[in-house]
Amino acid sequence: QVQLVESGGELVQAGDSLRLSCTASGRTFSDYIMGWFRQAPGKEREFIAAISERSAIPYYADSVKGRFTISRDNAKNTAYLRMNSLKPEDTAIYYCAARRGGTVWDSIPYDYWGQGTQVTVSS
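All figures in this text were calculated on a predicted structure; none of them were measured in a lab.

Draft legend 1. The sheet that holds strand S7 (residues 68-73), seen in detail. Read across the sheet, four strands follow the order S1-S3-S8-S7 without closing on themselves; strand pairing throughout is antiparallel. Where the open sheet ends on each side, the last strands, each with one partner, are strand S1 (3-7) and S7. Across the sheet, the axes of successive neighbouring strands diverge by a mean angle of 15°, strand direction being ignored. Relative to strand S8 (residues 78-83), S7 runs antiparallel, the two being bridged by six bridges. When the bridges of S8 are listed, Arg-72 appears paired with Ala-79.

Below is the structure:
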């Protein structure tokens, strides 16, 4: 089992930056691909970014490419999502997730999920 806890979500203004954190416990963090997703009200959950286990290769959805940066610190068992130039349409609950196997480009279901952190961007 892997337990994931997100933090860092808050109310910000358009154009602001924010960094989300996802801290893991329970298993060897560096064995897992980490991903970030978001779900806006009335919409389906959307993939945002993923990062590979040790080499930290990132992969982004087109909707956030160039504005968001995923990273990880395996020594701290933590993954991050840096979000710049935030827009009102970025408002959502942001979730981190973990899975083993495959690559960051694979559409393989994630095994473990956090509870989410709310990001609200005002115009």
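Once the structure has been displayed, the description carries forward.
Draft legend 2. View of the packing of aromatic side chains. Enumeration according to the criterion identifies six aromatic pairs in this entry. Plain terms: the ring middles of Tyr-32 and Tyr-112 are 6.2 Å apart, the flat faces sit at 70° to each other, and that makes the pair edge-to-face. Pair noted here: Tyr-32 is in the loop between strand S3 (18-25) and strand S4 (33-39) and Tyr-112 is in strand S10 (residues 112-113), with a separation of 80 residues, a long-range link. The same class applies to Tyr-32 as to Tyr-112, namely buried. With 5.2 Å between their ring centres and 85° between their planes, Phe-37 and Tyr-110 make a pair best called edge-to-face. With Phe-37 in strand S4 and Tyr-110 in the loop between strand S9 (92-99) and S10, this residue pair connects regions lying 73 residues apart in the sequence. Here Tyr-110 falls in the buried class, since its relative accessible area comes to 11%. Across the ring face of Trp-113, the terminal group of Arg-45 is positioned such that the distance to the ring centre comes to 3.8 Å. Positioned over the ring face of Tyr-32 is Arg-100, at 5.7 Å from the centre of the ring.

What counts, and where the lines are drawn
- Residues numbered from 1 in each chain as written.
- Predicted model: local features only at pLDDT ≥ 70, side-chain atom pairs only at ≥ 80, totals over all residues.
- Heavy atoms only, no water.
- Pairing = 2+ DSSP bridges.
- Helix = DSSP H or I, 4+ residues; strand = E, 2+ residues; numbered from the N terminus.
- Axes fitted to C-alpha atoms, helices over the stretch in contact; angles between N-to-C directions.
- Phe/Tyr/Trp six-rings, centres within 6.5 Å; stacked < 30°, edge-to-face > 60°.
- Buried < 20%, exposed > 50% of the residue type's maximum accessible area, 1.4 Å probe, protein only.
- Lys NZ or Arg CZ within 6 Å of the ring centre and 35° of its normal.

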